[in-house]
Number of protein chains: 4
Amino acid sequence: MLIVMHHHATSEQMDQVIAAVKAMGLTAEPIPGSLRTAIGVLGNQGYVDDSTIRTLPGVRETIHVSKPYKIASRDFHPEATIVDISGVKFGDNEKPVIIAGPCSIETEEQMLAAAKEVKAGGGQMLRGGAFKPRTGPHSFQGLGIEGLKYLQQAGKEYDLPVVTEVMRIEQLDDICQHADMLQIGARNMQNFDLLKEVGKIKHPVLLKRGMSATIEEFLAAAEYILAEGNRDVVLCERGIRTFEKATRNTLDLSVVPLIREMSHLPIVVDPSHATGKRMLVPVMTKAALVAGAHGVMMEVHPNPAKALCDGAQSLSGADFGALMIELNSLMEFLGFQG
Amino acid sequence: MLIVMHHHATSEQMDQVIAAVKAMGLTAEPIPGSLRTAIGVLGNQGYVDDSTIRTLPGVRETIHVSKPYKIASRDFHPEATIVDISGVKFGDNEKPVIIAGPCSIETEEQMLAAAKEVKAGGGQMLRGGAFKPRTGPHSFQGLGIEGLKYLQQAGKEYDLPVVTEVMRIEQLDDICQHADMLQIGARNMQNFDLLKEVGKIKHPVLLKRGMSATIEEFLAAAEYILAEGNRDVVLCERGIRTFEKATRNTLDLSVVPLIREMSHLPIVVDPSHATGKRMLVPVMTKAALVAGAHGVMMEVHPNPAKALCDGAQSLSGADFGALMIELNSLMEFLGFQG
Amino acid sequence: MLIVMHHHATSEQMDQVIAAVKAMGLTAEPIPGSLRTAIGVLGNQGYVDDSTIRTLPGVRETIHVSKPYKIASRDFHPEATIVDISGVKFGDNEKPVIIAGPCSIETEEQMLAAAKEVKAGGGQMLRGGAFKPRTGPHSFQGLGIEGLKYLQQAGKEYDLPVVTEVMRIEQLDDICQHADMLQIGARNMQNFDLLKEVGKIKHPVLLKRGMSATIEEFLAAAEYILAEGNRDVVLCERGIRTFEKATRNTLDLSVVPLIREMSHLPIVVDPSHATGKRMLVPVMTKAALVAGAHGVMMEVHPNPAKALCDGAQSLSGADFGALMIELNSLMEFLGFQG
Amino acid sequence: MLIVMHHHATSEQMDQVIAAVKAMGLTAEPIPGSLRTAIGVLGNQGYVDDSTIRTLPGVRETIHVSKPYKIASRDFHPEATIVDISGVKFGDNEKPVIIAGPCSIETEEQMLAAAKEVKAGGGQMLRGGAFKPRTGPHSFQGLGIEGLKYLQQAGKEYDLPVVTEVMRIEQLDDICQHADMLQIGARNMQNFDLLKEVGKIKHPVLLKRGMSATIEEFLAAAEYILAEGNRDVVLCERGIRTFEKATRNTLDLSVVPLIREMSHLPIVVDPSHATGKRMLVPVMTKAALVAGAHGVMMEVHPNPAKALCDGAQSLSGADFGALMIELNSLMEFLGFQG
């Protein structure tokens with residue numbers, strides 16, 4: 001940490017700051033400059049809580065050098081993490097994984113039809129929500145446990161590992177019995193109790209970026225899971241909130257190469273929620289793969305016009321099939337083997 | 001809902017859209033214009049899911065007129081809600097309530113000292129966190145149940161109702177036994193399962209605005225609680241996330257008169273978290289009261305320089321006492337009786 | 001400046017960075033830590049361009065301590081600046097100045113009627129736009145020079161100094177002849193050539209914050225004017241762009257006490273453009289004064305329902321008169337003499 | 001336009017609104033609903049100024065259907081625009097154009113060296129700034145006219161059309177003599193007087209998106225140029241401002257397919273300014289091409305470590321050469337002929 005003093009800070013104020021740093025068991029190193037003096041803080045093993053320093057007289061600001069995450073950082077764990085779900089591998093130089101399926105699980109028939117289309121197109125994992133986070137309480141909230149069974153059945157029938165969202169701790173047991181991967185949604189990225197519980201089990205986790213989370217907060221959220229022992233975390237960019245109204249969110253693709261450099265965890269992209277528009281999904285999927293995403297999760301529905309949720313951003317089975325032909329060609333171009 | 005057609009939409013496309021609207025059990029009313037035609041949708045009792053319409057050929061966009069909340073709306077419930085906590089009243093034209101106390105509960109002595117100072121200054125409620133949401137897992141996470149006891153004891157000793165944050169459903173029973181009001185933090189504003197459970201009990205709730213929540217989403221979150229039966233909800237503005245780095249968040253004070261017009265629920269302001277800077281708390285507290293806030297929640301710590309959390313934004317007891325003298329004078333000027 | 005090295009940076013990389021700093025004529029001071037080493041850069045007289053350092057091997061990031069402004073900073077110029085316009089004083093502990101008038105100058109009669117109402121209510125300055133920045137070219141663009149004459153005449157008739165926006169350098173001569181203060185609009189806050197030209201003349205300037213400008217950029221824009229010699233700059237907060245759609249912009253009132261601490265320049269608030277809603281103007285005006293604003297600029301139109309521009313946020317003369325009675329009472333409470 | 005009435009609006013209020021619409025020469029069509037009534041406004045030839053309507057009693061909100069641009073819209077001009085600069089073609093299905101060169105023109109040698117590298121790599125246009133918009137006045141401001149000569153000379157020597165930024169109207173003549181294309185920078189996207197003047201001449205224009213401009217405002221800015229007669233406008237996405245601090249801006253790639261659908265104008269991407277990090281430029285360039293960009297503009301400097309401006313985001317000649325080999329292969333894959 002660096003403590004920047006005011007231009008006109010007195011030497012008494014300097015001494016008081018140095019004493020406060022020492023009281024924290026750390027070392028203070030003054031760095032005199034021509035305009036003002038700074039004080040380097042040494043000896044900390046991680047992120048320092050600067051609250052008590054920031055408000056001492058003469059202090060203008062404090063600047064952090066350490067980050068609120070360490071296990072998630074490539075700086076300390078250079079080796080890439082590969083998350084393996086029944087043979088479907090996310091991370092490093094593995095071929096990107098295509099996850100597809102409906103936003104919501106609606107009926108047994110719908111899930112079987114969706115799974116059939118996903119498999120036919122060449123998707124490797126199946127998605128579907130049984131518990132749906134909706135802005136208002138008067139919208140469809142999902143089928144619950146009944147839906148999980150349809151999802152699991154469809155996955156088995158078509159040999160596709162399944163991923164589904166968990167919204168509360170009490171659901172964990174049920175979901176672990178029915179799904180191969182747990183999704184933490186954007187609205188729960190900082191539901192720290194849920195993160196900790198998910199960290200204690202062995203199921204792989206798909207952690208979505210919060211709608212206004214910085215990359216630092218995103219990695220710190222992953223750190224909550226990693227710190228409890230579960231190292232199978234796949235990150236997912238799904239768009240951030242900006243002033244732009246033409247898309248549902250703003251897809252931040254630069255996060256892909258950045259996360260690949262800053263962390264050893266795999267990073268996938270969800271172009272369906274990021275854009276909210278079906279027409280944008282194919283093109284942004286391709287852009288995501290070129291940006292280095294370890295996978296893409298997209299919404300595919302047997303009949304988007306009748307979807308109970310997010311129909312406007314869902315591809316039909318035919319759309320998906322056509323897109324997959326293009327994606328396979330692109331992945332081959334990018335050097336991934338069939 | 002209004003459906004706006006493309007400039008060059010054909011009459012077949014118009015007919016298809018009208019048929020789709022009818023299939024939803026609603027009425028479609030074309031409104032021809034000189035440049036393009038729009039189609040009004042009538043007959044809905046609330047928010048319409050437009051996913052299936054938005055992607056029909058010839059449709060340019062759909063525009064919602066209904067909102068994802070209704071019970072929270074003043075349009076449908078013109079009467080102001082007053083939330084009464086052991087005689088401390090929030091809402092309408094009641095005198096604004098001052099809630100104060102430390103960010104975290106640290107020790108029995110600290111809570112008693114804080115409560116003494118809050119009482120001495122004239123605060124009406126005591127705050128303190130036993131379960132702390134922290135960005136990273138390596139920061140202090142709170143004392144838990146033990147802390148709740150200190151809080152309750154301090155509140156009883158100084159006759160101050162207490163409010164504390166709940167982060168997970170399993171904590172609800174314990175917290176209800178020890179606290180008079182439950183706080184839902186900004187990070188959990190869209191933790192819909194928690195909202196629903198809190199809606200099923202009778203404890204009053206302080207619901208904080210999410211860090212990037214629109215007013216519409218904020219009221220829709222309140223709707224989750226109200227829809228389950230709990231009508232004692234106090235809203236809390238605590239700053240939104242913007243590009244500005246000089247403050248922790250950007251305090252959005254216009255939300256106060258807006259919420260007062262759009263909803264019947266009380267709205268309070270937290271200037272400590274919004275600004276992150278002790279120096280800004282007094283002045284923004286006064287601005288909040290002038291803007292019409294039904295209360296203010298601020299951080300007060302017996303020794304901010306030694307606080308385990310958010311010391312930089314905490315007032316000392318002496319600061320708080322001095323501020324309360326000014327606030328009392330301001331409230332008298334604003335027409336509130338002692 | 002502080003240079004933070006990677007955890008695994010080699011000593012050769014350290015040496016290379018130190019050499020690069022020396023090549024810039026500055027001093028490098030290594031600060032070894034337990035996790036990584038930082039290098040303090042000393043000897044710079046101001047902001048250092050770090051582009052060449054940031055990309056050397058082993059460098060993780062660079063952190064600036066100096067700011068891109070100095071003349072605007074209170075750190076270097078502790079004395080408050082008071083801007084005096086024919087006896088109307090902005091700054092320090094002067095009574096806040098009320099500037100009012102229509103968004104656009106429309107006719108001679110409209111300006112005279114507006115000026116009469118502003119004067120009657122107790123406003124001290126008159127505003128009105130002759131050149132209007134409009135999002136699209138098909139909206140009313142202002143009366144131009146003809147409008148300036150109406151403004152000047154109305155100001156003289158009612159003894160009110162006038163302020164009007166300048167949008168291009170060629171207009172400067174004309175506007176200086178007709179107006180007492182020049183306004184630089186939000187869209188031109190970083191039109192650096194205009195800032196420089198305005199810096200070379202002697203007219204006082206009202207500089208509006210850009211719609212997504214940080215406080216640092218806002219002060220750096222003022223620095224452009226100050227650096228050319230014109231020291232009569234009044235800053236104006238007019239709302240920033242966020243994701244919120246219920247208001248035109250988000251009024252950032254914390255900027256008022258922050259600017260008062262960081263700079264010696266006066267800071268005023270424009271609640272009309274910030275909120276875009278007439279109903280919010282009175283309450284946010286009061287909040288701005290309590291927050292410490294040195295003045296408020298608001299839109300007043302003799303007949304808002306017929307305004308050619310921004311009618312929805314304009315007060316009528318009667319609204320303005322009623323508000324001024326409240327404002328005078330509030331200013332008296334705040335300790336300002338009649 | 002649609003006018004949404006309050007739930008409890010009276011029939012007198014309805015009548016008043018209908019009368020106000022008629023007074024504007026337009027037709028009002030009531031659309032009764034079960035919860036509230038809306039009023040459709042018909043007969044307008046474009047964007048309606050709703051200020052006078054929005055504040056009538058009983059009106060809850062107004063909703064626009066028309067946009068503040070028309071010439072820029074594909075809805076009214078379905079044919080794609082191709083901008084041709086001495087044979088280099090932007091738009092529709094033309095092969096994407098690679099523009100490269102230094103941020104600032106520094107010396108004759110530097111420009112010649114840069115041009116040589118751009119040509120050698122296969123770039124088609126040369127960029128370089130003679131007038132630099134810098135946040136603070138104490139940074140390098142560019143060489144001015146002298147720089148333009150170096151740019152022009154380097155372009156001629158290596159047969160590359162050149163583009164350079166214009167910041168003020170008085171520079172237009174000089175710049176038109178020395179450059180093939182004029183750039184309007186992000187900070188001047190709403191400098192409407194500059195846009196109008198540029199609209200009156202015949203030089204092609206590269207219009208950068210403002211740092212917090214919506215797509216609607218971006219197209220409305222282009223409309224200013226088009227409306228004056230100049231139809232050779234190329235749009236440029238260069239990142240928008242968000243809360244994220246890890247990149248200089250957030251590159252919004254979805255804008256590419258959206259603009260291609262909404263407008264007939266070409267759209268290019270500037271990954272250098274969007275990300276601010278050299279390491280991200282190659283990968284985001286590829287993603288931009290896959291997203292459908294009609295070109296990419298990137299910073300290339302003979303010696304980035306000594307660049308006077310933005311060295312951290314500049315590629316070296318060798319970097320550029322290596323990237324171009326990849327880009328050519330990617331463009332071939334995308335179906336563009338050599």
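From a predicted model like this one, the values you see are computed outputs, not experimental measurements. (Residues numbered from 1 in each chain as written. Chains lettered and ligands numbered in written order. Predicted model: local features only at pLDDT ≥ 70, side-chain atom pairs only at ≥ 80, totals over all residues.)

**Brief notes about the interface of chain A and chain B**
Part 1 of the argument: Listed as interface residues are 41 residues of chain A and, on the opposing side, 41 residues of chain B.
Part 2 of the argument: Among the secondary structure elements, those contributing two or more residues to the side of chain A that touches chain B are helix 2 (51-54), helix 6 (192-200) and helix 7 (215-227) of chain A.
Part 3 of the argument: Per-element accounting of the side of chain A that touches chain B gives the leading share, five residues, to helix 7 of chain A. (Contact = placed C-beta atoms within 7 Å. Helix = DSSP H or I, 4+ residues; strand = E, 2+ residues; numbered from the N terminus.)

**Brief notes about the sheet that holds strand 2 (residues 27-32) of chain D**
Residue and element names in this part refer to chain D.
Part 1 of the argument: If you trace the four strands from one edge of the open sheet to the other, you get 2-3-1-4, paired in antiparallel fashion. Pairing within the sheet leaves two strands with one partner each, and these edge strands are strand 2 and strand 4 (59-63). Neighbour to neighbour, the strand axes of the sheet diverge by 20 degrees on average, direction disregarded.
Part 2 of the argument: Pairing of strand 2 with strand 3 (residues 37-42) involves six bridges; the strand directions are antiparallel. Bridge pairing links Ala-28 to Val-41 in strand 3. (Pairing = 2+ DSSP bridges. Axes fitted to C-alpha atoms, helices over the stretch in contact; angles between N-to-C directions.)

**Re the relation of the copies chain C and chain D**
Part 1 of the argument: Mapping chain C onto chain D is achieved by rotating through 180 degrees and translating by 0.0 Å along the same axis, at an RMSD of 0.0 Å. Those values place the two copies in the arrangement expected of a two-fold rotation axis. Using C-alpha coordinates, one finds that chain C approaches the rotation axis most closely at C:Ser212, a distance of 3.1 Å.
Part 2 of the argument: Comparing interface residues between copies, 100% of those in chain C also sit at the interface in chain D, which points to an isologous, same-surface contact. (Least-squares fit on C-alpha atoms with pLDDT ≥ 70 in both.)

**A look at the relation of the copies chain A and chain B**
Part 1 of the argument: Expressed as a screw transformation, the operator carrying chain A onto chain B has a rotation angle of 180 degrees and an axial translation of 0.0 Å, and the superposed copies differ by an RMSD of 0.0 Å.
Part 2 of the argument: Most of the interface of chain A is mirrored in chain B, where 100% of its interface residues again form contacts.

**Some words on the packing of helix 10 (residues 281-290) of chain B against helix 10 (residues 281-290) of chain C**
Part 1 of the argument: Relative orientation of the contacting elements helix 10 of chain B and helix 10 of chain C amounts to 160 degrees, with a least axis distance of 8 Å. Classified by the angle between their axes, helix 10 of chain B and helix 10 of chain C sit roughly antiparallel to one another. The hand of the helix 10 of chain B/helix 10 of chain C crossing is right-handed. Where helix 10 of chain B abuts helix 10 of chain C, its residues B:Lys286, B:Ala287 and B:Val290 lie against C:Lys286, C:Ala287 and C:Val290.
Part 2 of the argument: Looking at the contact of helix 10 of chain B with helix 10 of chain C, its residues break down into four nonpolar, no polar and two charged. (Parallel < 35°, antiparallel > 145°, perpendicular 65-115°, else oblique. Left-handed = near helix turned anticlockwise from the far one by under 90°. Nonpolar A, V, L, I, M, F, W, Y, C, P; charged D, E, K, R; others polar.)

**Remarks on the pairing of strand 7 (residues 97-101) of chain A**
All names here are of chain A.
Part 1 of the argument: Counting buried positions along strand 7 gives five out of five residues, so the element sits mostly inside the fold.
Part 2 of the argument: Neither face of strand 7 is open: one carries Val-97, Ile-99 and Gly-101, the other Ile-98 and Ala-100, and all of them are buried.
Part 3 of the argument: Where strand 7 lies against strand 14 (residues 295-299), five bridges are found, and the strand directions are parallel. Bridging across to strand 14, Gly-101 finds its partner in Glu-299.
Part 4 of the argument: By the bridge criterion, two bridges tie strand 7 to strand 8 (residues 125-127) in an arrangement that is parallel. In the sheet register, Ala-100 faces strand 8, and the bridge partner there is Leu-126. (Buried ≥ 20, exposed ≤ 12 C-beta atoms within 10 Å, placed from the backbone.)

**A look at the packing of helix 3 (residues 108-121) of chain C against helix 11 (residues 317-333) of chain C**
Residues and elements named next belong to chain C.
Part 1 of the argument: Two elements in contact, helix 3 and helix 11, have axes whose closest approach is 9 Å; the angle formed by their N-to-C orientations is 15 degrees. Our classification of the angle between helix 3 and helix 11 gives roughly parallel. Like other packed secondary-structure pairs, helix 3 and helix 11 cross with a definite hand, here right-handed. Seen from helix 3, the contacting residues are Glu-117, Ala-120 and Gly-121; seen from helix 11, they are Gly-317, Phe-320, Gly-321 and Met-324.
Part 2 of the argument: Taken together, the residues of the contact of helix 3 with helix 11 break down into three nonpolar, three polar and one charged.

**Some details on the interface of chain C and chain D**
Part 1 of the argument: Counting residues at the interface gives 41 residues for chain C and 41 residues for chain D.
Part 2 of the argument: Contributions of two or more residues to the side of chain C that touches chain D are made by helix 2 (51-54), helix 6 (192-200) and helix 7 (215-227) of chain C.
Part 3 of the argument: Here the element with the most residues in the side of chain C that touches chain D is helix 7 of chain C; it accounts for five residues.
Part 4 of the argument: In terms of residue class, the side of chain C that touches chain D is built from 16 nonpolar, 13 polar and twelve charged.

**Structural notes on the domain arrangement of chain A**
Part 1 of the argument: Along its sequence, chain A is carved into domain 1 (2-63) and domain 2 (83-333).
Part 2 of the argument: Measuring from the centre of the C-alpha atoms in domain 1 of chain A to the corresponding centre in domain 2 of chain A gives 44 Å. (Domains from an automatic or database assignment.)

**Digging into the sheet that holds strand 4 (residues 59-63) of chain A**
Residues and elements named next belong to chain A.
Part 1 of the argument: Pairing is antiparallel across the open sheet formed by four strands, whose spatial order is 2-3-1-4. Of all strands in the sheet, those with a lone pairing partner are strand 2 (27-32) and strand 4, marking the two edges. Mean inter-strand twist for the sheet, computed between neighbouring axes without regard to direction, equals 20 degrees.

**Quick notes on helix 8 (residues 255-262) of chain D**
An α-helical segment advances 3.6 residues per turn. Residues three or four places apart therefore align on the same side.
Part 1 of the argument: Along helix 8 of chain D, seven of the eight residues are buried, which leaves the element largely enclosed by surrounding structure.
Part 2 of the argument: When we look at burial in helix 8 of chain D, the residues that qualify are D:Val255, D:Val256, D:Pro257, D:Leu258, D:Ile259, D:Arg260 and D:Met262.
Part 3 of the argument: Against the buried residues of helix 8 of chain D lie helix 10 (281-290) of chain A together with helix 7 (215-227), strand 12 (233-237), strand 13 (267-269) and helix 10 (281-290) of chain D.

**Some points on the environment of C:Gly144**
All names here are of chain C.
Part 1 of the argument: In this fold, Gly-144 is placed in the loop between strand 8 (125-127) and helix 4 (145-157).
Part 2 of the argument: Distance from Gly-144 to Ile-225, taken between C-alpha atoms, is 24 Å for residues 81 residues apart in sequence.
Part 3 of the argument: Non-local contacts of Gly-144, meaning those with residues more than four positions away in its chain, are made with Ala-130 and Phe-131.

**With respect to the environment of C:Leu182**
Residues and elements named next belong to chain C.
Part 1 of the argument: With respect to the helices and strands, the residue Leu-182 is situated in strand 10 (residues 181-184).
Part 2 of the argument: C-beta crowding within 10 Å serves as the criterion here: with 23 such atoms nearby, Leu-182 is assigned to the buried category.
Part 3 of the argument: Taking C-alpha positions, Leu-182 is 47 Å from Met-5, a pair spaced 177 residues apart along the chain.
Part 4 of the argument: If near-sequence neighbours (up to four positions away) are discounted, Leu-182 is found in contact with Val-166, Ile-175, Val-198, His-203 and Val-205.

**Observations concerning helix 6 of chain C**
All names here are of chain C.
Part 1 of the argument: Of all the nine residues making up helix 6, seven are buried; the element is thus mostly covered by neighbouring parts of the structure.
Part 2 of the argument: Among the residues of helix 6, those classed as buried are Phe-192, Asp-193, Leu-194, Leu-195, Glu-197, Val-198 and Gly-199.
Part 3 of the argument: Buried positions along helix 6 lie against helix 5 (172-178), strand 10, strand 11 (205-208) and helix 7.

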